[in-house]
Amino acid sequence: MRVLVVAVLILAATTVEAIVYSASALAGFKGASGSTSGTGSAARFTNPISLGKIPGTNDYYIGDRWNHRIRKIVTATGAVTTIAGSGGQGAFNGAAGSATFNQPLGLAVAASTGNIYVADSSNHAIRLLTSPSFAVTHFAGATTPTVGAVDATGTAARFASPEGCAFPPGASTPLYIADAYNYAIRVATVPGAVVTTFAGTKGTTGTADGTGAAARFAYPVTIAFNNAGSAFYVADHWNHAIRQVTVPGKVVSTFAGVCGVSGSMDGLGPASRFNNPVGLGVDSSGNIFVGDWDNHIVRKISSIRIVTTIAGSPGLSGSSDGIGSTIRFTHPGGIGFDAAGDILVADYGNHDIRKLTIVA
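All residue numbers refer to position in the chain's written sequence, counted from 1. The predicted origin of the model limits local features to residues at a pLDDT of at least 70 and limits the giving and counting of side-chain atom pairs to 80 or more, whereas totals for whole chains, interfaces and linings rest on all residues. Side-chain calculation: all heavy atoms of the structure are included, whereas hydrogens and water are not.

Participant: Mind showing me how you'd approach the overall build of the protein chain here?
Facilitator: Regarding its fold elements, the protein chain presents one helix and 27 strands. Using C-alpha atoms as the atom set, the radius of gyration is obtained and then compared with a globule rule of 2.2 Å times the number of residues to the power 0.38. Rg of the C-alpha trace for the protein chain: 19 Å, near the compact-globule value of 21 Å for 360 residues, within the 12% margin. In terms of its C-alpha atoms, the protein chain occupies a principal-axis envelope of roughly 60 × 50 × 30 Å. Within the span of the protein chain, comprising 360 residues, buried residues form 57% of the whole. Pairs at least 24 apart in sequence give 44% of the contacts found in the protein chain among residues at least 6 apart. The accessible surface values rely on the Shrake-Rupley method and a 1.4 Å probe; as for residues, cover is taken only from the protein chains in view. Only carbon and sulfur atoms are counted for the fraction: they give 58% of the accessible area of the protein chain, which is about 12600 Å². Here Asp and Glu are counted as negative and Lys and Arg as positive; His is not counted, and neither are the chain ends. By convention, charge coordinates are those of NZ in Lys, CZ in Arg, CG in Asp, or CD in Glu. Distance between charge centres in the protein chain, computed from 22 positive and 18 negative side chains, equals 4 Å. To qualify as a helix, a DSSP run of H or I must reach at least 4 residues; to qualify as a strand, a run of E must reach at least 2; elements of each kind are numbered from the N terminus. Only protein chains enter the accessibility calculation, which uses a 1.4 Å probe; a residue is then buried when its area is under 20% of its type maximum, exposed when over 50%, and partly exposed in between. Throughout, a contact is declared for two residues whenever any of their heavy atoms are within 4.5 Å.

Participant: Hey, could you run me through the nonpolar core in this one?
Facilitator: Note on soluble globular proteins: their nonpolar side chains tend to be buried together. To define a nonpolar core, start from buried Ala, Val, Leu, Ile, Met, Phe, Trp, Tyr and Cys residues and group those joined through side-chain atoms within 4.5 Å. Counting 25 residues, the largest nonpolar core has Ile73, Val298, Ile310, Ile343, Ile353 and Leu356 as the members making the most contacts within it. Excluding its chain neighbours within four sequence positions, the residues that come into contact with Leu356 are Tyr21, Ser22, Ala23, Val298, Ile310, Ala311, Ile327, Phe329, Asp342, Ile343 and Val345. With 19 residues, the next largest nonpolar core counts Ala108, Ile126, Leu128 and Phe159 among its residues.

Participant: In this structure, what is going on with the sheet that holds strand E9 (residues 125-130)? I would like to understand it.
Facilitator: Within a sheet, adjacent strands bond to each other through the backbone by hydrogen bonds, running parallel or antiparallel. Pairing between strands requires that DSSP locate at least two bridges from one strand to the other. One open sheet holds the four strands; their spatial order is E7-E8-E9-E10, and the pairing between them is antiparallel. Edge positions in the sheet fall to strand E7 (104-109) and strand E10 (135-140), since each has one partner strand and no second. The average angle at which neighbouring strand axes cross in this sheet is 30°, direction not considered. Two elements, E9 and E10, share five bridges in a ladder whose sense is antiparallel. The residue bridging Leu129 from the neighbouring strand is Val136, located in E10. Note on definitions: angles span 0 to 180 degrees between N-to-C directions of axes, and those axes are lines fitted to C-alpha atoms, for helices only across the stretch in contact.

Participant: How should the pairing of strand E4 (residues 60-64) be read in this particular structure?
Facilitator: Put simply, side chains in a regular strand alternate between the two faces of the sheet. Counted residue by residue, E4 has five buried out of five residues, so it is predominantly covered. With burial as the criterion, each face of E4 is covered, one bearing Tyr60, Ile62 and Asp64 and the other bearing Tyr61 and Gly63. Pairing of strand E3 (residues 48-53) with E4, which is carried by five bridges, proceeds in the antiparallel orientation. Within E4, the residue paired with Leu51 across the bridge is Ile62. Hairpin connection of E3 to E4: six residues between the antiparallel strands, including Gly56 at a positive phi of 80°.

Participant: Which parts of the structure should I look at to understand the environment of Ser285?
Facilitator: Within the secondary structure, Ser285 sits in the loop between strand E21 (277-282) and strand E22 (288-292). Residue Ser285 is classed as exposed on the basis of its relative accessible area of 58%. Sequence-wise, Ser285 and Asn226 are 59 residues apart; in three dimensions their C-alpha atoms are separated by 9.7 Å.

Participant: I'm lost on the pattern of salt bridges in this one. Help?
Facilitator: Salt bridges are defined by distance alone: a side-chain nitrogen of Lys or Arg within 4 Å of a carboxyl oxygen of Asp or Glu. Applying the stated rule across the entire model yields 12 salt bridges. As a salt-bridge pair, Asp292 and Arg299 come within 2.8 Å of each other at their nearest N and O atoms. By relative accessible area, Asp292 is classed as buried at 0%. Members of the salt-bridge network, linked through shared partners, are Lys30, Asp321, Asp347 and Arg354.

Participant: Before we go on, may I ask you to explain the side chain of Gln244 in this structure?
Facilitator: With respect to the helices and strands, Gln244 occurs in strand E18 (residues 241-246). Accessibility expressed as a relative area gives 18% for Gln244, which makes it buried. Sequence-distant contacts of Gln244, that is, excluding residues within four places in its chain, are made with Ala231, Phe232, Tyr233, Val251, Val252, Ser253 and Phe255.

Okay, here's the thing in structure tokens:
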């Protein structure tokens, strides 16, 4: 019986994805950077990289990296506005329109309050935007850019280029943080801001699966929870793999890809390959979608770990809309979903938000 099950899984993993997607632009204008608010092609971004869902809606906040701003997109219309950030580069706290960031990347929204938590990567801190005014303060990490690896409370804690953060589904605590250059997953209580290390060992990189401090990461950049909240997935960027971490057990395993081995192969679990994955999103059926950064493609991982390429062609960058493998991205990052189940992609190098829609 075990042999039969394995055979079925191998057969499924070698079957071409039957669902075909087409690409279109939702907001921004491919190849044109800027910071203009507007609807659809009138809006401008400068390297949008992350999408954080607004609880109770189908809309998203966006980490607009080189604009040093937090933006909002209404997915039904493509309307884009600026939520916080003056556009200046810095660590200034204050009113939403006057505060400054330094390469804001991942963000998470607390379900109960609507507060936004931002991994402000080059400030090595987690910033807090308090709803509804979105005034900006430091939640954790030093108020002046300071690299470190300290577990502590609030501004006494230290990070090294935190790039992603996430709450469990429907929750407002705790906040899980991908502390990229510390090669670890950190966790912070909310509102207390008590920061501890959840998995990995700060400052030590590697490929090992294991529990808690015994596990190793290599520049973890994004966290996305499964729908049950029993585990989260990590885009382990330099390991070219998608890792899984159980909650509360802290058991780290390699879900897809092989740590330390890059490539673009589709396949079952360890038979697949990625090239510096960045974006992660989990749909209502539990499928994981991946912005496979240096392959310039979007991948799908099923619940039984079958990896398929749904849009783009490995290694071919560009900006063209189309169908399936004729679509072109330039470093696809954050992943989201609209009310119809269409896939949203922060197309970093094209300065826009793209949409993938099922056509067959």
